[in-house]
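Given next are the chains, with one letter for each unit.
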Amino acid sequence: MKRKIGIGLIGLGTVGTGVAKIISSPNGRNPLVSQLELKRVAVRDIQKTRAVDIDSSIITNDPLEVVNDPSIQVVVEVMGGIELARKIILKSIESGKSVVTANKAVIARHGNEIANAAHSAGVYVLIEAAVGGGIPIIEPLKQSLGGNRIKKVTGIINGTTNYILSRMSKENADYKELLKEAQQLGYAESDPSADVDGVDAADKIAILSSLAFGGTVERELIPTKGISNLQNRDVEYAKKLGYEVKLLALAESISKKNSSEKSLALSLRVQPTLLPTDHPLAGVNGVNNAIVIEGDPIGEVMFYGPGAGAGPTASAVVADILNIAGVKLMGEGNIHLDPLLSASSWRECFLAEPKEIMQKNYIRLITKDTPGVIGQIGKIFGDHQVSIESIVQFDASDAGAEIVVITHKVNQEEMSEALLSITKLPEVQDLAAHLGCL
Ligand code: NAP
Ligand code: HSE
């Protein structure tokens, strides 16, 4: 009889259900799937009707029953949250079990602690599903691109917001309705503010950055702007100017005198960003995600696919389970994968200051419709070395005018100072939008 690998599933929501469905229907898949056995499942509410057939005797509402079950070799944490998830992952590691998790919130904040614990215990913690849903991106960054000097990671890495923004762009649809749809489709986090406020994308870029650049930055310091205040008119104006608006996450190394092999300045940020319509990321629509990695010597490589939802995420979770199962079934002997991020934390990384970050900007100002306003705005930008690519007045009426400015790449400290002076002009009523631009 074939040896089985005992799996403990913590969470049977969108992702957990997808995982259970794959494990319970191995036909036509990799033969290793038939060697996985779901031994125990933890949920919050054991009375809830489930979308997958699971023997009720293996369901518990105590995650520690899963962790402490001696027949389980791999704990799959797809419950979400931070503190309890951290405790469960560490406890599993302490019990000698390997862990697969889709939880970017916990890895972005406690990845180093978890990696070190896994390394000491000689178990695996694999996180492919934590970024990009079904897109293989973690393993490529950890392994396939390992020989490169990475310069930049640019990604659309939140499915919920990309779903919303694509529909806003195509149909001018209502933001709140679209968010409700994304929740019904299983794309959104249990608290969807993590999606629309950019927190989820910031967690994910923190993880990608640590793999790409070999060190972590302080998670809470990553400048993060979401789409909850984005207005349909900015999407509309962007289109008129030849751009699409996407929630972009970026991590790039910044050349600095004090950057070195051991210490690297990075710019990480999450913000709604205008992309020229011919940019490869501008055509990434719906729940799809895409990540462009720029490295030396590879040049640019792009990863694309479904970024959220039960099936795609479960596909990544099960791939990680199979990697661990394969090693266990061969007999662990001397075979040793690098647990999680441990191999990647080999240098100190720190966030560059705004004056070291150069980017293009999209600005929308509400002003009085009086002569000379554009001239005054232009003068202030000029005084701060902010060079303007285009300036357009939309919608002049008794109520005022809307002035949209696109800058060239400029120093972000000067940009903020210029905007502060501009908003003090008596003719300027509001800085209605400030987005990034590629
Ligand atoms: P979900 O649908 O809300 O499911 C969460 C599951 O965890 C539910 O089954 C819930 O039980 C269970 N749970 C919550 N608290 C628990 C507790 N204290 N003890 C035991 N069980 C508990 O969430 P999800 O969308 O599947 O996401 C799960 C994780 O995957 C999150 O970390 C998320 O960020 C990540 N992720 C999600 C996606 C996606 O597309 N949804 C993609 C990538 C990564 P009940 O069913 O009884 O409520
Ligand atoms: N809520 C996340 C998203 C799930 O919409 O991208 C995938 O990580």
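Residues numbered from 1 in each chain as written. Chains lettered and ligands numbered in written order. Predicted model: local features only at pLDDT ≥ 70, side-chain atom pairs only at ≥ 80, totals over all residues. Heavy atoms only, no water.

J.: Any details on the overall build of the protein? Residues and values, ideally.
T.: Of the regular secondary structure elements, the protein holds 13 helices and 17 strands. Radius of gyration (C-alpha) of the protein: 24 Å, near the 22 Å computed for a compact globule of 438 residues. Residues counted as buried form 55% of the 438 residues belonging to the protein. When contacts within the protein are restricted to residue pairs at least 6 apart in sequence, long-range pairs at least 24 apart make up 76% of them. Accessible surface for the protein amounts to roughly 18,700 Å². Of this, 50% is attributable to carbon and sulfur atoms. (Helix = DSSP H or I, 4+ residues; strand = E, 2+ residues; numbered from the N terminus. Rg over C-alpha atoms; globule rule 2.2 N^0.38 Å. Buried < 20%, exposed > 50% of the residue type's maximum accessible area, 1.4 Å probe, protein only. Contact = heavy atoms within 4.5 Å. Areas by Shrake-Rupley, 256 points an atom, 1.4 Å probe, with all protein chains shown as cover.)

J.: Tell me about the site of ligand 1, residues and numbers included.
T.: If you check the shell around ligand 1, you find 25 residues, and the closest are Leu12, Asp45, Arg50, Glu189 and Gly309. At 2.8 Å, a side-chain N or O of Lys48 approaches an oxygen atom of ligand 1. Between an oxygen atom of ligand 1 and a side-chain N or O atom of Arg50, the distance comes to 2.7 Å. In the complex, the protein chains occlude 87% of the 890 Å² of accessible area that ligand 1 would expose alone. Of the residues that constitute the shell around ligand 1, the class distribution is eleven nonpolar, eight polar and six charged. (Near = heavy atom within 4 Å. Polar contact = N/O pair within 3.5 Å; in protein donor to acceptor, adjacent residues only side chain to side chain. Nonpolar A, V, L, I, M, F, W, Y, C, P; charged D, E, K, R; others polar.)

J.: Account for the site of ligand 2, naming residues and giving values.
T.: Every residue close to ligand 2 is listed here: Lys104, Asn158, Gly159, Thr160, Tyr187, Ala188, Glu189, Asp195, Asp200, Lys204, Gly307 and Ala308. The contact in question runs from an oxygen atom of ligand 2 to an N or O atom on the side chain of Lys104, over 2.6 Å. In the environment of ligand 2, an oxygen atom lies 2.7 Å from a nitrogen or oxygen atom belonging to the backbone of Gly159. Only α6 (159-171) and α9 (199-213) provide two or more residues apiece to the shell around ligand 2. Taken together, the residues of the shell around ligand 2 break down into three nonpolar, four polar and five charged.

J.: Break down the sheet that holds strand β5 (residues 98-101) for me, citing the residues and quoting the values.
T.: Taken in spatial order, the six strands of this open sheet run β3-β2-β1-β4-β5-β6, and their pairing is parallel. The outermost strands of the open sheet, each flanked by one partner alone, are β3 (59-60) and β6 (125-126). Examined bridge by bridge, strand β2 (residues 36-42) and β3 share two bridges and lie parallel to one another. Looking at the pairing, Val41 lines up with Ile59 of β3. Across the sheet, helix α1 (residues 14-24) lies against β1 (5-10) and β2, angled at about 155° from β1, the strand it touches most. Sheet strands in contact with helix α3 (residues 83-94) are β1, β4 (74-77), β5 and β6, and its direction is about 150° off that of β5. (Pairing = 2+ DSSP bridges. Axes fitted to C-alpha atoms, helices over the stretch in contact; angles between N-to-C directions.)

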